[in-house]
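Topology and contacts: notes
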Amino acid sequence: MIQNDTYYTKEHEWLKVDGDEATVGITDHAQEALGDITFVDLPKIGMKVNAHDSLLVIESVKAASDVYAPVGGTVCAVNEALGSAPELVNQASQGDGWICKFRPFDAAALAGLMTAEQYRAFLAEH
Amino acid sequence: MTALPRKTPLYDAHVRSGARMVDFSGWFMPVQYDGIIAEHHRTRTDVTMFDTCHMGRFWITGPMAREGLDRLLTTDVNAMQNGQCKYGFLLREDGGILDDLITYRVHAERWLLVVNAGTQDRDRDWIRDRLPPGVRFEDASVRMGKIDVQGPHALPRVASVLGVDASRLGYFRFMEFDCGGEAIVSRTGYTGEKGVELYVAAARIPEVWERFEKAGVKPAGLGARDTLRLEAGLPLYGHELSEAITPVEAAMDRFSAKTRPYVGSEAVKRRRGQGAAMLLAGFRIEGRQAARAGQAVMAGGRRAGTVTSGSFSPTLQAVIGFAFVEPSLALPGTRVQVDTGRNLLDAVVVKLPFYKAG
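Residues numbered from 1 in each chain as written. Chains lettered and ligands numbered in written order. Predicted model: local features only at pLDDT ≥ 70, side-chain atom pairs only at ≥ 80, totals over all residues. Heavy atoms only, no water.

**Points about the overall build of chain A**
Test applied: Starting at the N terminus, helices and strands are each numbered in turn, a helix being any DSSP run of H or I of at least four residues and a strand any DSSP run of E of at least two. For the radius of gyration, the atom set is restricted to C-alpha positions; the globular benchmark scales as 2.2 Å times the number of residues to the power 0.38. Relative accessibility under 20% of the residue-type maximum defines a buried residue, over 50% an exposed one, and the middle range a partly exposed one, all with a 1.4 Å probe and only protein chains included. As used throughout, the charge tally considers Lys and Arg to be positive and Asp and Glu to be negative, leaving His and the chain termini uncounted. One atom stands in for each charge, and that atom is NZ of Lys, CZ of Arg, CG of Asp or CD of Glu.
Looking only at helices and strands, chain A has three helices and nine strands in total. Helices and strands in chain A line up, N terminus first, as β-β-β-α-β-β-β-β-β-α-β-α. Radius of gyration (C-alpha) of chain A: 13 Å, near the 14 Å computed for a compact globule of 126 residues. Each of the three principal axes of chain A carries a C-alpha extent, and together these read 35 × 35 × 20 Å. Across the 126 residues in chain A, those meeting the buried criterion constitute 49%. The positive charge centre, built from 8 side chains, and the negative charge centre, built from 19, are 3 Å apart in chain A.

Okay, here's the thing in structure tokens:
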């Protein structure tokens, strides 16, 4: 489930770079911990965020949790399918359950994120 | 004070099933097994079972048992027949709700009280100290276990697994049966579905649970129990009910309408006369973003109440909840808003229950 071409945060977000665009979601570990996801409060297209800003809120049956921006950027696309099918995040957190895309984004900040290997080690420790 | 949560006789079974365990009112309890929504739907369409061993069970026996309970509970115990259960409240003198509970009448001199997990220690002291002399009080919470089997297929499954036909019992009726020792089955529950609550010797509980598992009955956790009871419009002590309110504010005065005096009856009568400053009401929000306990209810741009429970409803595919609101807003059809801290959600006050089994 942890993909090698993807960056990870300690808050269990992932970010995948594709040219000048970056796709953001939550990790399998995060969706597992949240349980059944009932609502994804998608950010507005055009929203500018700094790294660690609250990007959106995900609700499960029991609670609401913040998702933070892994790096700074501007939201250029959101996964509209989550509006009626938020369970996609449970089913494929790093596939069809992606949340939004950034363009542009702060590529220099990628160095501060974890690689797949580092994230695996981080999960093992926590 | 930090004490390790207590374990029910089914703790090992839950861990084996891969349940996510949490500390609930001082007990290690399963919040979910394969997922709250799956467990919720399974209860609505098929059958599930719940570990409810954490709840309190008290036997009240003796010639003056009925008189003692009549004085302590809002429940009209004098109107009860053998084999009947009734919902009611335990109140303080000032009418504050100490607990909501179900009273079982085996016969005039033998009664069972079933109370909430988090309140059972306080209830035990409160009741024991106030029973008339000669009435025996036994806390059977450890000796007796409890499993709820709920869902449209619950009754035939209970019949095939335990050989007891609960389908001949009316709603809120119970009978004793033999389950390798004394046992009780009642047509009650906390889900709004058909089903039973089973009281069996604690030592036999793991075996009974396993027999249901082998018959294909899957367990459901506290997460589904909460969404199910919410849809059924049932209050949860600590959320909708507390010492800070009387049954009048809870809009449940029909359960405290007994004309004979009981502990708290004068206070309830006064409150009834004055009218409540806040009333409990159900609300519905279209969409998926949930209102949660503690959030403000707004009307005309000002605060007019507080949410006590709120969740996405898996059955209704909308958000439902309870809130204390100003009495003028408690009428079904009234439009209010809930301030989630991020935005205002349009809510409408609706009649309870939110969901009724077909």
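**Points about the domain arrangement of chain B**
Interfaces are often described in size by the accessible area the parts lose on coming together. To be explicit about the condition: Boundaries of every domain are those given by an automatic assignment or by a domain database.
Taken domain by domain, chain B holds domain 1 (11–55 + 142–231), domain 2 (56–139) and domain 3 (277–350). Inter-centroid distance (C-alpha atoms) of domain 2 of chain B to domain 3 of chain B is 34 Å.

**Details of the interface of chain A and chain B**
Going by this rule: Here, two residues are considered to be in contact whenever any of their heavy atoms come within 4.5 Å of each other. By buried area we mean the combined loss of accessible area, with a 1.4 Å probe, across both parts when two parts are placed together. When a carboxyl oxygen of Asp or Glu is within 4 Å of a side-chain nitrogen of Lys or Arg, the pair counts as a salt bridge.
Contact with chain A, which involves 18 residues of that partner, is made by 17 residues of chain B. Contact between chain A and chain B buries roughly 1300 Å² in total, counting both sides, with carbon and sulfur atoms accounting for 45%. The interface formed by chain A and chain B includes four salt bridges. Of the charged contacts in the structure, one is a salt bridge between Arg 20 of chain B and Glu 32 of chain A, with a shortest N-O distance of 3.9 Å.

**A look at the sheet that holds strand 19 (residues 344–350) of chain B**
All names here are of chain B. Rules: For two strands to be treated as a pair, DSSP must find at least two bridges joining them. Fitted lines through C-alpha atoms serve as axes, helices being fitted only where they are in contact, and the angles separating the N-to-C directions of these axes extend from 0 to 180 degrees.
As summarised here, the arrangement of the six strands in space is 14-17-16-15-18-19, forming a closed barrel in which the pairing is antiparallel. Going across the sheet, the axis of each strand differs from the next one's by a mean of 45°, ignoring polarity. Relative to strand 17 (residues 318–325), strand 14 (residues 279–285) runs antiparallel, the two being bridged by seven bridges. Counted as the bridge partner of Ile 285 is Val 319 from strand 17. Along the sheet face, helix 7 (residues 222–231) touches strand 16 (302–313) and strand 17 and points at about 120° away from the line of strand 16.

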